[in-house]
Amino acid sequence: MRILSWNVNGIQNPFNYHPWNKKNSYKEVFEELKADIICFQELKMQKDNFPQEFALIEGYEGYFTFPNTRKGYSGVGIYVKKDLCTPIKAEEGITGILPVRNQRYSYIEAPPHEQIGYYPKDVDRKTAKWVDDEGRCIILDLGIFILIGVYCPVNSGDHRWEYRKAFYKCLRDRISSLIKEGKRNVVLVGDVNILCDSIDTADQKDIIKESFVPSISESRKWLRELLKPHRSGLLLDIGRIRHPTRKGMFTCWNTRLNMRPTNYGTRIDYTLATPDLLPWVQDADIMAHVMGSDHCPVYMDLRDSLDDTPLNDLLTHAKDPPSLAACHHSAYRPSKNIHAMFQQFEKTKKSRSESDINMAETSTTSSCSPSTNNSTPLSVPENGPVEKRRRTEQQPKLSSFFSKKSHSMEKYEAGSENPPPIIEVDEIRSKVTSANFPNTESVTAWKSIFQKKSPPLCDGHKEPCKLLSVKKPGINYGRKFWMCARPIGEVVENSNAVSNDDTQPFQCRYFLWDSDWKG
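Calculation notes
- Residues numbered from 1 in each chain as written.
- Predicted model: local features only at pLDDT ≥ 70, side-chain atom pairs only at ≥ 80, totals over all residues.
- Heavy atoms only, no water.
- Axes fitted to C-alpha atoms, helices over the stretch in contact; angles between N-to-C directions.
- Helix = DSSP H or I, 4+ residues; strand = E, 2+ residues; numbered from the N terminus.
- Parallel < 35°, antiparallel > 145°, perpendicular 65-115°, else oblique.
- Contact = heavy atoms within 4.5 Å.
- Nonpolar A, V, L, I, M, F, W, Y, C, P; charged D, E, K, R; others polar.
- UniProt positions renumbered as here; feature names shortened; annotations may be inferred.
- Buried < 20%, exposed > 50% of the residue type's maximum accessible area, 1.4 Å probe, protein only.
- Polar contact = N/O pair within 3.5 Å; in protein donor to acceptor, adjacent residues only side chain to side chain.
- Phe/Tyr/Trp six-rings, centres within 6.5 Å; stacked < 30°, edge-to-face > 60°.

1. A look at the packing of helix H4 (residues 161-180) against helix H6 (residues 214-226)
Thought 1: One can describe the packing of H4 onto H6 by two numbers: an axis separation of 11 Å at closest approach and a directional angle of 5°. Viewed along their axes, H4 and H6 adopt a mutual orientation that is roughly parallel. Between H4 and H6, the contacting residues are Trp161, Arg164, Tyr168, Lys169, Leu171, Arg172 and Ile175 on the first element and Ser215, Glu218, Ser219, Trp222, Glu225 and Leu226 on the second.
Thought 2: Along the lines of polarity and charge, the residues of the contact of H4 with H6 split into six nonpolar, two polar and five charged.

Right, here's the structure in full:
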C-alpha cells in the first residue's frame, strides 16, 4: 500500500506540466504514481466552487477541508482507494471545533461513533477556531493507524508567529493524546514547512538563520522534539530512516528563481509514523522527477502482510463512508447539483431550438414554389400585428455587406465611367522623403523612449541577464534589477571570472539595478 503526499500548489496546477497535461483526470495521475492513499496540500479553492471532476474521482473517495478565512488559500484533501479500505471516521481540523458535515454540532460535541476523539486540552474555543479556520488538516481512522494529512503554516514573518505557535501546540497535543491515551498508531504526512537539519537544505544560510531568528529556531525545535530519538519524540522520520546519509533529498524548490534544475532546494515534506509501524514499512522516498508543482511527491510503502497477517485485515472496510466524504456533499448529488441542472436545461433548450428550425425549414420548403420570391416569412400573416410584421420583414444578412458591390464599382463594370487611376506603392514611397518630415530626429527620440532595452550581459558568463523586481517590503519594493539568468546553485570562488570551459554552470553574482542600466 502506497501513501503519497504532494503539495500541488493549486489543485489544477499539475495539469499544466508534462506528462499530466495529456491526462484526462486525477485517476490516471494516481495510477501513474501507483498511489493508494493520496494527500494533497494547497488546494487553493473554496468549498462552493470546488469542481466535481476533482471531488469525485472514479475508484477513490475524497475527503476535503477548505479555509473559512484567507479564502483561496491552503486547503487539504485526502483520496482513499475504495478497493483498499473505507475509513470508519473522518474529521477536518485538529481541535474538533469544526462542525460535523450536515449536523449542528462540532466533532468534539459529537457522539462517540462519529468522533475520532483525543482532542487537545487547555485550548479555548476562540484559539481552536483560529487554528482550524484555515483548512490545514484532515484526520482519518483507518483501523491499523490514524492518518493525519497536514499543511503547516509557512514561516512568513513575526506577524504570523503567534498563529504558528498555536497550530504547532494543538497538532502535537492531538498526536500525543492519540498515542498515549488512545493507544493508537499515527501516520502524519504533508508539507510541514520546516527543515530539520543541515542535510535537509542546499543553502547553509538557512541553518545560520536559526541562531538569530527566533521564529525559525522555535519552529525547528518543535519539529526536532516531535521526532525520535529526542527523549520527548513521538514519531519517526520514515524517509530519513530509509536514507540516513543521503544528501540532496529535497522536496521543495524556488521555481521562480529556477532552482530545481540544480536541485538547490529544501526538504520540508515528510512521511512520519509511530515506531510500532516501522516493521510494516517497505520503502519510503521522494519523487524528485515528478513535475507539477514547486514541490515533489513523497511516499511511504507498507507491506501487504507481516508475520502472516495481511494488511487488508487490519484496515477498516466501512459499508458507508463518513459524512465528511465528498460523495455525501449536496453539491455533488445528481438530484441537487445546480450545475447539472443548468447543463440539462441548456441541452433541452438547444434541442428544442434545433427542432423548431428544422420544422420551419420543412414548412417553408413545402409551401413555397421555386418561382416565388416573397420577402415576408410565411409564418407571419399579412393581417398580423404591425410590430410583428415589421420585425419579421426580410433584413439584409451580415454577409451581404461583404458580397454586395458598391454603386460606383457597378458603374465602372458597366463602362459608364473610366476606372480610377492605379497608384503604385513605389510611387508613394518616392514621394515620402525626409524633406516632408523635418522632425525625423524627434521621431527617433520618441521611439527610443518606448523601445525595449536590451538586457545586460553578466560578468560570469557573458550571457543576457533576466529582469526581476523586489518583492520584499521596504524602500526598494517594486524596484527592478538585472541578475544572471542561470539557475541558482553552489557558488564557487571567483565566480565573476569568465571561464573558457564554463566551470561555473550556476548563477554568478552579477547584479545591476535597472535604473543604472543605460542599454
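2. Looking at the UniProt feature "site: Important for catalytic activity" (unreviewed entry) in the protein chain
Thought 1: UniProt feature "site: Important for catalytic activity" (unreviewed entry): in the numbering of this structure it lies at Asp269.
Thought 2: The exposure class of Asp269 is buried, given its relative accessible area of 3%.
Thought 3: Here Thr251 takes part through its side chain, which lies 2.7 Å from a polar atom of the side chain of Asp269.

3. Focus: the packing of aromatic side chains
Thought 1: Using the criterion set out here, one finds 21 aromatic pairs in the structure.
Thought 2: Ring centres of Phe15 and Tyr26 lie 4.8 Å apart, and the angle between their planes is 65°; this geometry places the pair in the edge-to-face category. One end of the pair, Phe15, is in the loop between strand S1 (2-7) and helix H1 (26-33); the other, Tyr26, is in helix H1, and 11 residues separate them in sequence. The residues Phe15 and Tyr26 share a single accessibility class, namely buried.
Thought 3: When the ring of Phe64 is compared with that of Phe66, the centres are 6.2 Å apart and the planes differ by 25°; the resulting orientation is stacked. An identical accessibility class is assigned to Phe64 and Phe66; each is buried.

4. Structural notes on unusual backbone geometry
Thought 1: Going from His18 to Pro19, the amide bond is cis rather than trans, its omega being 5°.
Thought 2: Inspection of the secondary structure puts Pro19 in the loop between S1 and H1.
Thought 3: Here the phi dihedral of Asn102 falls at roughly 65°; this positive angle occurs in a residue that is not glycine.
Thought 4: Along the chain, the position of Asn102 falls in the loop between strand S5 (89-92) and helix H3 (125-132).
Thought 5: Of the residues examined, Asn102 reaches a relative accessible area of 56% and is grouped as exposed.

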